[in-house]
Structure formats: C-alpha cells, structure tokens
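# Commentary on secondary and tertiary structure
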Amino acid sequence: MDHVIGVDLGTSAVKALLVDRNGNVKGEWTETYPLYQPQSGYSEQNPEDWVEKTIVALRKLLEVSHVSPDSVGGLSFSGQMHGLVLLDKERNVLRNAILWNDTRTTEECREIEEKVEKEALLSITKNRALEGFTLPKLLWVKKHEPHLYERAYTFLLPKDYVRFRLTGHIAMEYSDAAGTLLLDVKNKTWSQPICDVLGIDVQLCPPLVESTVYVGTLLPEIAEETGLSTNVKVFAGGADNACGAVGAGILSEGRMMCSIGTSGVVLAYEQTGEKDFAGKVHYFNHAKPNAYYIMGVTLAAGYSFDWWKRMFMENVPFADIVKRAYESPIGANGLLFTPYLVGERTPYADADIRASFIGIDSSQTKWDFARAVMEGITFSLNESVEIMKASGKTVESVVSIGGGAKSREWLQLQADIFAIPVEKLKNEQGPGLGAAMIAAYGCGWFDSLEQCSDVFKQVELVVEPQKEAVARYQELFAIYREIYPQTKEMTKKLKAFRN
Ligand SMILES: Nc1ncnc2c1ncn2[C@@H]1O[C@H](COP(=O)(O)OP(=O)(O)O)[C@@H](O)[C@H]1O
Ligand SMILES: O=C(CO)[C@@H](O)[C@H](O)COP(=O)(O)O
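As the structure is a computational prediction, the values presented were derived from the model and not from experiment.

Rules of the game
Residues numbered from 1 in each chain as written. Chains lettered and ligands numbered in written order. Predicted model: local features only at pLDDT ≥ 70, side-chain atom pairs only at ≥ 80, totals over all residues. Helix = DSSP H or I, 4+ residues; strand = E, 2+ residues; numbered from the N terminus. Expected span 1.5 Å × (residues − 1). Pairing = 2+ DSSP bridges. Axes fitted to C-alpha atoms, helices over the stretch in contact; angles between N-to-C directions. Contact = placed C-beta atoms within 7 Å. Near = placed C-beta within 6 Å. Nonpolar A, V, L, I, M, F, W, Y, C, P; charged D, E, K, R; others polar. Parallel < 35°, antiparallel > 145°, perpendicular 65-115°, else oblique. Left-handed = near helix turned anticlockwise from the far one by under 90°. UniProt positions renumbered as here; feature names shortened; annotations may be inferred.

So, about helix H13 (residues 366-390). End to end, H13 covers 36 Å across 25 residues, agreeing with the expected 36 Å (1.5 Å per residue, within 8%). The positive-phi residue at the C-terminal boundary of H13 is glycine 392, with phi of around 95°.

Here is the structure:
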C-alpha cells in the first residue's frame, strides 16, 4: 500500500490528490459543480452534485496517476465548512445544502443572541452567532420550511455527507462540528443547554468522531464506480481550514497560514480550548486531536477575483490577469476595493455590507481595477493578521495556500501587505494534502501528524517583504480601513434595491 488519497470538497470544485509515502503528489483531478444563488444573500449546492463529482474525480485520479488501485491504502476528506445537509429517516437529502457563505439567517442570529446569554455562548461554543454557521441555518429551516424540519432525522456537513455516501457510515468529526455553533468546543460534546434553549432536539446531532479515526471501507458499488478497491480504509478527515492547517504544518504554536480559496482565511494554531478571544476570531477544534486554532475569515476572497474575471475578463486566464495587474503601481493608480460582495465576517460581522471601488479616475485601466481587487482582498486578510498580532501571536512567517498562492505576484502582495515572509508549498492544495496526511497517519505510516508533516510538507519558495512596498501599503491600509465605517449605512440602504 504505497499511496493515499486526499479529497477536498471545496466550494468551486472537488479536488482529489494521490500522494505517495514521501508526500509526492502523483496525480490530481478537479471536478467543478454549480453554486445556486436564487436571491441576494442565498448560496446553495446540491449534495448529489458533490457525490457524483467526487466519484468522477476519484476515477479520473486513478487514470491520470497510473498506479494500481491495490496500491491505495487510505482515503480521507477535507471540506467546505458549516453547510447544512438535512437528512430524513431514510437518509435522503431533504433540500439543497445551505452553504457557509449564505447570509439569509441574520434574524436567526439575533434570536440566538436573545435566547442564549452572550457569556454562555462564548464559553460553550467559543464563537459568536454568525450567519454562516450551521445552527442559524437549522433555525431558518425550522421557521421557514417547517414541513421539511418535521421530517429531519439528522444533519451533516458537506464532506461528512459525501463520506457517508461513500462508506454508509454516519458521523461528524470535531473540526467541522465546531463550526455548527452547537458543539461544546472544549469538552467535545454536543451542547444540550444550547439545543434546549433553542428548541432543537439534540438527537438531531450526529455521532462525533476524531478526524483521524477509521470510519469504514468503500461500499462495493462505490469501489466499482471509482475503480478503487473495497479494502481502501476511509478516515474521517477535517474541515477544509483544519486540513489546510495540517497540510501547511500548522501543528504547533507560532505557526500561521493564509488561504485564498473562494473564501479567505488567516489561521493560527492554539494548543488549548481554554482561551477567550471574545468572539473576535473563530476558535475551533483542530483536525490534530486535542488541539485548536483561531482564524479570521474574508467571505469573498478568491470569489471576488473570480467575480471580477467573470464580469470583465472572462477569457483571460487567472495567471495572466495577475501578471498584467501586477504591472500597475502599488495602490492601483489611486483605486481601492473592499471585497464585501456577499457581506463580511472578520473583522466586521456584517451580512449587509457590500463591496466598493473608491477613487475611480478616468485614467485608470481595467488592469488597475484587477490590481485593486487583489490588493483589497489582501487588505481584508490583513485585518485578520492584525488581530492575530494584537492577540500576542509571534508570527515569523505565514504559509500561503489555495488558488491565490498559485501566482508569484500575489504571494509578493501578501508578503508586502502582511509585512511578513510568505512561504509557498510545492503544491498549493493544502486542504487536500492535509486530508491525505490524515489518511497516511491513519494507515500507520507515521506515529504522528507532525512526523508526517516533516516528510509531506515541501516548501518551494519563501517570498520576503520589500521594505518600500511595506511602507506604501501601510499608508494605503489606513485609508482602506476608513471605507467600512463610511459605506456601512449607505450599502445597507441599498439592500432594498437588491434582488
Ligand atoms: N493562477 C492563479 N493566480 C491567482 N489566483 C488564482 C489563480 N487561479 C485561481 N485563483 C484564485 O483561486 C480561487 C480558487 O481557489 P481554490 O483554492 O481552488 O478554491 P476553493 O477551495 O474554494 O474551491 C479562484 O476563485 C481565484 O480567485
Ligand atoms: O466558512 C468558512 C470558514 O469558516 C470557509 O472557509 C469555508 O470553509 C469554505 O472554504 P473554501 O471553499 O473557500 O475553501
């Protein structure tokens, strides 16, 4: 058994990686699926699409990797967090999944704040009520679709659902359960008091397992469809950010990661679940057993760049847009962008704020706009870096992963704006690699995730901050920070004009 597979169920696509015992990626395959946005603030996917595309991705992965199916010993998952997959008694999906970037649940968040004391919510779940989390979504279905809620038997998160369909075993692992707002994060149990006060039957919550736990083998029909053997051991896996952290080696204090995928994340390791960050950052269980992490989230990071491309440069590849945009000067010729296309989470928990371009001038080109988009996304992530620094974290470098780490130029922007050296890994697919590491550890190839990381984590490049650029960006960041308070009320009023 010389290979393991990591499956990352992202928002834009499912990505499967086949890795050997030395952490070398022997093959990868990506399959995309649609995102449904029937109204402003809504974001849904069809869980059947995830299952179908995961099966295709696994089959194709075997084909392009040219390895014997019998050489694959284990498989694990990483997945987009928080999405609600509601199942009936027969384990059929009751409705489309409501995703992490869906912000329809502001009222339900206020209901949680009214019914659960702030201190209790923070001490049990370690987090504040945010639209993206699973609990407000459950309450939304209960209120708006009672006929479906009545039939609900259990709920799962996206990758836990796919794992169930591949193995037949229902379970949720801690790193994802932490993002539901129903988990007692420190004690690793479902919170009966929170369920009780909000009228949720705790029996709805699925059995909990560790990320590294062996869950079962592939169902015979799945083995046949994918070409994999029924002997492949499936391990629970983790939330995409927790797996990204595993893949990036964020397994001890002092380590930090920045991920630019559809969302943007700045994450730092925490050894205990006993600290109090007053809900300023998310505080979740790690995929490494009995460890934790804190993170700040930009809702539309890669998504903003993707939006810009779709709207104005559809036929230009991302890599070319980045290159041309980087030829614009720092500050994009006096143009700033705030990436609040679908609202924001960190540092402004505000579902109503919307994006802005500030300083449009007739001399600016579309490449200046593209640069402003990349800079704005990175400024937003820098807000989280600043929170981490202020919380006393010593950050000597940051590991950059996700689509945003594919281009040298964007890595340089990150180094200059964060004023910290940025490390790029040989393969930017951190979450998929983290999932593969969980499988490698689960298969007994290593004694610990740390030992696995020493072998699997391969740094390709370290990008140093440039002194003059750092100074320029500090000036611009101060102006960027003025935009939120000044556009907050205006964009809220525009809500009445959105679909
Ligand atoms: N070559 C590139 N250079 C810079 N950014 C890129 C490049 N290719 C893709 N991206 C960005 O990465 C995003 C996708 O990142 P990815 O990690 O694959 O997302 P997810 O895991 O959410 O599906 C795209 O939306 C785009 O903004
Ligand atoms: O909501 C969060 C984290 O709290 C997101 O980070 C999702 O987990 C989606 O991740 P990507 O698709 O951007 O990787």
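For the rest of this paragraph, the subject is the sheet that holds strand S17 (residues 282-285). The sheet built from 7 strands is open, its strands ordered S17-S18-S16-S15-S21-S22-S23 with mixed pairing. Since the sheet does not close on itself, it has two edges, and those belong to S17 and strand S23 (459-463), each with one partner. Neighbour to neighbour, the strand axes of the sheet diverge by 30° on average, direction disregarded. Both S17 and strand S18 (residues 292-298) contribute to a ladder of 4 bridges, which runs antiparallel. Bridging across to S18, asparagine 285 finds its partner in tyrosine 292. Sheet strands touched by helix H10 (residues 240-247): strand S15 (256-260), strand S16 (264-270), S18 and strand S21 (398-401). Its angle to S15, the strand with the most contacts, is close to 125°. Contacts between helix H14 (residues 408-418) and the sheet are confined to S15, S21, strand S22 (422-425) and S23, with S22 contributing the most and set at about 155° to the helix.

Our next topic: the site of ligand 1. In the vicinity of ligand 1, 18 residues are found, and the nearest of them are Gly10, Gly261, Thr262, Gly302 and Gly403. Residues belonging to the shell around ligand 1 are distributed by class as follows: 6 nonpolar, 10 polar and 2 charged.

This part takes up the packing of H13 against H14. Across the interface, H13 lies against H14 with an axial gap of 10 Å and an inter-helix angle of 45°. As the angle between them shows, H13 and H14 are arranged oblique. For the crossing formed where H13 meets H14, the hand is right-handed. Each of Met374, Glu375, Thr378, Phe379, Asn382 and Val385 in H13 lies in contact with H14, whose residues at this interface are Trp410, Leu413, Gln414, Ile417 and Phe418. Here the contact of H13 with H14 is built from residues that sort into 7 nonpolar, 3 polar and 1 charged.

What follows covers the UniProt feature "domain: Carbohydrate kinase FGGY N-terminal" (unreviewed entry) in the chain. Feature annotation in UniProt places "domain: Carbohydrate kinase FGGY N-terminal" (unreviewed entry) on residues 4-247, given in this structure's numbering. From the first C-alpha to the last, residues 4-247 spans 14 Å; its make-up is 36% helix and 24% strand.

The local shell around ligand 2 holds 16 residues, among which Thr11, Met81, Trp100, Gly261 and Ser263 are the closest. In terms of residue class, the shell around ligand 2 is made up of 4 nonpolar, 11 polar and 1 charged.

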